[in-house]
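Observations on the model geometry
Residue strings, one per chain:
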Amino acid sequence: EPQHLVQGAVKVKPVVPAVLTGGADAGDIGSYSDFVNTQAILLLSNSSTLQRIADDLAGRNLGFLRGEPQTRIEKLLARVLPPKRNLSPERLLRDAISRRQITAAALARTELIAVSMRYPNIDEARTVVDSFLNNYAAQSRTEADQKENLSLISLERQRDELLKRITDQRQRIRVLAEDYGTTVLAPRQEMELGIQTRLMTDLTQLESRRIAAEATISLLEKTEKAELSPEQLVSLRREYVNSDPMVTALSKSIV
């Protein structure tokens, strides 16, 4: 007898990003295909999931959940053996799953879990399939939110601990500054200023020696073949050095 096959699919997120690093967190889904297959099995076997789906479908006035016969053979059998109408919606869902009237499986080489239902009434089959998919998506979002909330709680605790440690360290620094600020910090500052002064003096002397050496080299190059006395060379070198603007500035700095 003609049957309708209704199939819908939901995409399963392949990787859960780590809160701290932002990178891929393998966690419990190191093998993605195994994870998707496991999710498909749980969708049809988890009691809480089936109960939520049954509660969602309970108010839809579906003949499927009332156990009404759908095919002609079922209607003929119902005249002889009246169907049990006191079964719960969850039990009816489980019976349909056991008969493979409702199936769920991961589609090969995809990120999808497909839910299928064979049923004479296409509208009711579509309603049941949508309920499976919507409840799975809602449950996944809820679990993700719970994990994120737990991570946020952990991060907030770590933040509070770090803030407390920072506050304690600042308090210790403040106490040390009050205890040793007048006896330790002032001599250190004076020592630093003295070292800077000595270094500037040494630098000035080195610059003077460099300029004098350059002046000597220049004079020797200019008077390579000239016969001058040592006194004349010293006098020329002194004039050359004193005429350099850098020497004048350094002399003022030394004074």
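Now for a description of the structure that goes with this document. (Residues numbered from 1 in each chain as written. Predicted model: local features only at pLDDT ≥ 70, side-chain atom pairs only at ≥ 80, totals over all residues. Heavy atoms only, no water.)

1. Brief notes about the overall build of the protein
A count of helical and extended segments in the protein gives seven helices and five strands. Ordered by position in the sequence, the α and β elements of the protein form the string β-β-β-α-α-α-α-β-β-α-α-α. Looking at the protein as a whole, 22% of its 255 residues are labelled buried. Pairs at least 24 residues apart make up 67% of the contacts formed inside the protein by residues separated by at least 6 positions. As displayed, the protein offers around 18,700 Å² of accessible surface, 55% of which is attributable to carbon and sulfur atoms. (Helix = DSSP H or I, 4+ residues; strand = E, 2+ residues; numbered from the N terminus. Buried < 20%, exposed > 50% of the residue type's maximum accessible area, 1.4 Å probe, protein only. Contact = heavy atoms within 4.5 Å. Areas by Shrake-Rupley, 256 points an atom, 1.4 Å probe, with all protein chains shown as cover.)

2. A look at unusual backbone geometry
Here the phi dihedral of Arg100 falls at roughly 60°; this positive angle occurs in a residue that is not glycine. With respect to the helices and strands, Arg100 occurs in the loop between α4 (89–98) and β4 (102–106). Residue Arg100 is classed as exposed on the basis of its relative accessible area, which comes to 62%. Backbone geometry at Arg109 places phi at a positive 60°, although glycine is not the residue there. The residue Arg109 is located in the loop between β4 and β5 (112–119) in this model.

3. Regarding the nonpolar core
Inside soluble globular proteins, nonpolar side chains tend to come together where they are buried. One finds Phe64, Leu93, Ile102, Ile113, Met117, Val128 and Phe132 to be the most contacted residues of the largest nonpolar core, which totals 30 residues. Of all the elements in the fold, those that place two or more residues in this core are β1 (4–11), α1 (32–45), α2 (47–58), α4, β4, β5 and α5 (122–222). No other element matches the six residues that α5 contributes to this core. When neighbours within four sequence positions are excluded, Leu93 is seen to be in contact with Leu50, Ile53, Ala54, Leu57, Phe64, Ile102 and Phe132. Ranked by size, the runner-up nonpolar core spans five residues in total, among them Ile211, Val241, Val247 and Leu250. (Core = buried A, V, L, I, M, F, W, Y, C linked by side-chain atoms within 4.5 Å.)

4. So, the packing of α2 against α4
Running from N to C, α2 and α4 cross one another at 115°; their axes reach a closest spacing of 8 Å. It follows that α2 is roughly perpendicular to α4 by the angle criterion. Relative to α4, α2 is oriented so that their crossing is right-handed. Contacts between α2 and α4 involve Ser47, Leu50, Gln51, Ile53, Ala54 and Leu57 on the former and, on the latter, Pro89, Glu90, Leu93, Arg94 and Ile97. Here the contact of α2 with α4 is built from residues that sort into seven nonpolar, two polar and two charged. (Axes fitted to C-alpha atoms, helices over the stretch in contact; angles between N-to-C directions. Parallel < 35°, antiparallel > 145°, perpendicular 65-115°, else oblique. Left-handed = near helix turned anticlockwise from the far one by under 90°. Nonpolar A, V, L, I, M, F, W, Y, C, P; charged D, E, K, R; others polar.)

5. Quick look at the packing of aromatic side chains
One pass over the full model with this rule turns up one aromatic pair. The interplanar angle of 85° and the centroid separation of 5.5 Å between the aromatic rings of Phe64 and Tyr119 together place this pair among those described as edge-to-face. Pair noted here: Phe64 is in the loop between α2 and α3 (72–80) and Tyr119 is in strand β5, with a separation of 55 residues, a long-range link. (Phe/Tyr/Trp six-rings, centres within 6.5 Å; stacked < 30°, edge-to-face > 60°.)

6. A look at the pattern of salt bridges
As enumerated under the stated definition, the model contains seven salt bridges in all. When the shortest N-O distance is used, the salt bridge between Asp123 and Arg126 registers 3.2 Å. Separated by three residues within a single helix, Asp123 and Arg126 lie in helix α5, roughly one turn from each other. By relative accessible area, Arg126 is classed as partly exposed at 39%. The salt bridge involving Lys164 is made with Asp168; its shortest N-O contact spans 3.3 Å. One end of the pair, Lys164, and the other, Asp168, are both in helix α5, four residues apart, so they sit about a helical turn from each other. (Salt bridge = Lys/Arg side-chain N within 4 Å of Asp/Glu carboxyl O.)

7. Description of the sheet that holds β4
Two pairing modes exist for strands in a sheet, parallel and antiparallel, and in both the strands are linked by backbone hydrogen bonds. In spatial order, the strands read β1-β5-β4; together these three strands make up an open sheet with antiparallel pairing. Where the open sheet ends on each side, the last strands, each with one partner, are β1 and β4. Between one strand axis and the next, the sheet turns by 20° as a mean value, whatever way the strands run. The sheet contact formed by β4 and β5 spans five bridges and is antiparallel. Note that in β5 the partner of Ala105 across the bridge is Ala114. On the sheet, α1 packs against β4 and β5 and is oriented at approximately 165° with respect to β4. (Pairing = 2+ DSSP bridges.)

8. Notes on a nonpolar patch on the surface
A cluster of nonpolar side chains, Leu162, Leu163 and Ile166, forms an exposed patch at the surface whose accessible area comes to about 270 Å². Here Leu163 is to be found in helix α5. (Patch = residues over 30% accessible without salt bridge, like charges linked within 9 Å, V, L, I, M, F, W, Y side chains within 5 Å.)

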